[in-house]
Amino acid sequence: MPQSMEAPILFIISSIPNLLSFFIFFLIIYLIAYFIIFPSWKPKLRPEASSCIISFFHGTPAVFFALISLLSDPARDFHAPNTPFQNIVLDYSISYFLMDLTHYLIFYPRDVLFIGHHLATLFVFVTCRYVVYHGAYAILVLLILAEVTSFVQNTWTLANARKADVEFAAKVYGLLSPPFYVFYSLVRGIAGPYFVYKMISCYVSGAADNVIPRWVWVSWVFVVVTAISVSILWVSNNWVELYRERSRKFERKVR
């Protein structure tokens, strides 16, 4: 085998223990959630609730891990080589999305939007981690922006799932919705687009062409812009629904 091909293959093989360990970690949490935490929930809700639990164990930890890995890297730019710690964070997220993708393929195989989202996200992480070995700064900042709202979003999702039959869940959903939508809107509607603009400006300048092929960063930009656009549409629809709910309640009080 030529030496030029041997190094990347050995690099991938050496990462398999991390990927496997993290995947098993998320699988165990999912099974505990499904069979121990939510056994009394309706069959339609148990998979979604279990997915939220593994998201709890990925989102906030990934934000802290990514932040530490970035702060410990003196070369923080869009084309810097990935550090070993950054690669571990990428492996952690790759394993989570593989586990959650498995969940969707088993329980929601027709949910094309989420399956497509997970496949596209995995493409970005895998190419950064195992194809170009550069650009983790950009990908991990985007990971932080994507996951910084996950704790609140998962809590909101669980409350939303039970608001119809649990009074406490309905109260949590009602109290949490406005601040959650504000937080989500600021992150996805302002911070995210601004960072993507900086990212595109760097890549278009050609500063990363020697280490990140054009087709790779163009693909990254396409995936990220699409994801942000869908997120903005999603939160916009939720704002409209919140307004309608509050309007109906106000009309009932007036009557």
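Per an unreviewed UniProt entry, the protein chain is named TLC domain-containing protein, and its organism is Anisodus tanguticus. Regarding the protein chain, the UniProt comment filed under Subcellular location (unreviewed entry) reads as follows: "Membrane".

A. Summary view of the packing of aromatic side chains. Counted under the stated rule, the structure contains 30 aromatic pairs. With a centroid separation of 5.1 Å and 85° between ring planes, the pair formed by F22 and Y92 is classed as edge-to-face. Taken together, the positions of F22 in helix α1 (residues 3-37) and Y92 in helix α3 (residues 84-107) put the pair 70 residues apart, joining distant regions of the chain. Residues W156 and Y181 carry aromatic rings whose centres are separated by 6.0 Å and whose planes lie at 70° to one another, so their mutual orientation is edge-to-face. Here W156, found in helix α6 (residues 150-162), pairs with Y181, found in helix α7 (residues 167-204); they are 25 residues apart in sequence, far enough to count as distant. When its relative accessible area of 1% is taken as the criterion, Y181 is described as buried. Over the ring of Y34 we find R46, and its NZ or CZ is 4.0 Å from the ring centre.

B. Quick look at the nonpolar core. Counting residues in each nonpolar core, the largest one holds 60 residues, and the members touching the most others are L140, M199, Y203 and W220. Contributing elements (two or more residues each) for this core: α1, α2 (46-71), α3, α4 (112-132), α5 (136-147), α7 and α8 (214-254). Residues contacting L140, with those up to four places away along its chain left out, are A66, S69, L70, Q86, V89 and L90. W156, Y173, F180 and Y181 belong to the second largest nonpolar core, which has eight residues in total.

C. Highlighting the layout of surface pockets. By volume, the largest pocket amounts to about 1400 Å³. As for the largest pocket, its lining consists of 47 residues, of which F114, H117, Y184, R188 and S231 are closest to the centre. Going through the elements one at a time, α2, α3, α4, α5, α6, α7 and α8 are the ones with two or more residues in the lining of the largest pocket. In terms of residue count, the dominant contributor to the lining of the largest pocket is α8 (11 residues). Considered class by class, the residues forming the lining of the largest pocket number 27 nonpolar, 15 polar and five charged. Here the second largest pocket is characterised by a volume of approximately 160 Å³. Taken together, 11 residues make up the lining of the second largest pocket; nearest its centre are Y173, G174, E245, R246 and K249. Sorting the residues of the lining of the second largest pocket by element identifies α7 and α8 as the ones contributing at least two each. Of the residues assigned to the lining of the second largest pocket, the class counts are three nonpolar, two polar and six charged.

D. Highlighting α2. Taking 1.5 Å per residue as the helical rise, α2 with its 26 residues ought to reach 38 Å, and the 38 Å between its terminal C-alpha atoms agrees with that figure. Most pronounced at S55, the bend in α2 amounts to some 30°.

E. A look at the UniProt feature "transmembrane region" (unreviewed entry) in the protein chain. The feature "transmembrane region" (unreviewed entry), as given by UniProt, occupies residues 20-41, 53-72, 138-159, 180-197 and 217-240 in the numbering adopted here. Here residues 138-159 is 91% helix and 0% strand, with 33 Å between the C-alpha atoms at its ends.

F. Region of the structure containing the pattern of salt bridges. Applying the stated criterion to the full structure yields four salt bridges. The salt bridge involving D165 is made with R162; its shortest N-O contact spans 2.7 Å. E167 serves as the salt-bridge partner of K171, at 3.7 Å between the closest nitrogen and oxygen. A residue pair is termed a helical-turn pair when its members lie 3 or 4 positions apart in one helix, as K171 and E167 do in helix α7 at four residues. Assessed through its relative accessible area of 60%, E167 is described here as exposed.

Rules used in this analysis
- Residues numbered from 1 in each chain as written.
- Predicted model: local features only at pLDDT ≥ 70, side-chain atom pairs only at ≥ 80, totals over all residues.
- Heavy atoms only, no water.
- UniProt positions renumbered as here; feature names shortened; annotations may be inferred.
- Phe/Tyr/Trp six-rings, centres within 6.5 Å; stacked < 30°, edge-to-face > 60°.
- Helix = DSSP H or I, 4+ residues; strand = E, 2+ residues; numbered from the N terminus.
- Buried < 20%, exposed > 50% of the residue type's maximum accessible area, 1.4 Å probe, protein only.
- Lys NZ or Arg CZ within 6 Å of the ring centre and 35° of its normal.
- Core = buried A, V, L, I, M, F, W, Y, C linked by side-chain atoms within 4.5 Å.
- Contact = heavy atoms within 4.5 Å.
- 1 Å grid on protein atoms, 1.4 Å probe; cavity = no way out; pocket = protein on both sides within 12 Å on 5 of 7 lines; lining within 4 Å.
- Points joined across faces, edges and corners; volume = space filled by probe spheres on them.
- Nonpolar A, V, L, I, M, F, W, Y, C, P; charged D, E, K, R; others polar.
- Expected span 1.5 Å × (residues − 1).
- Bend = angle between axes of the 7 residues up to and from the residue.
- Salt bridge = Lys/Arg side-chain N within 4 Å of Asp/Glu carboxyl O.

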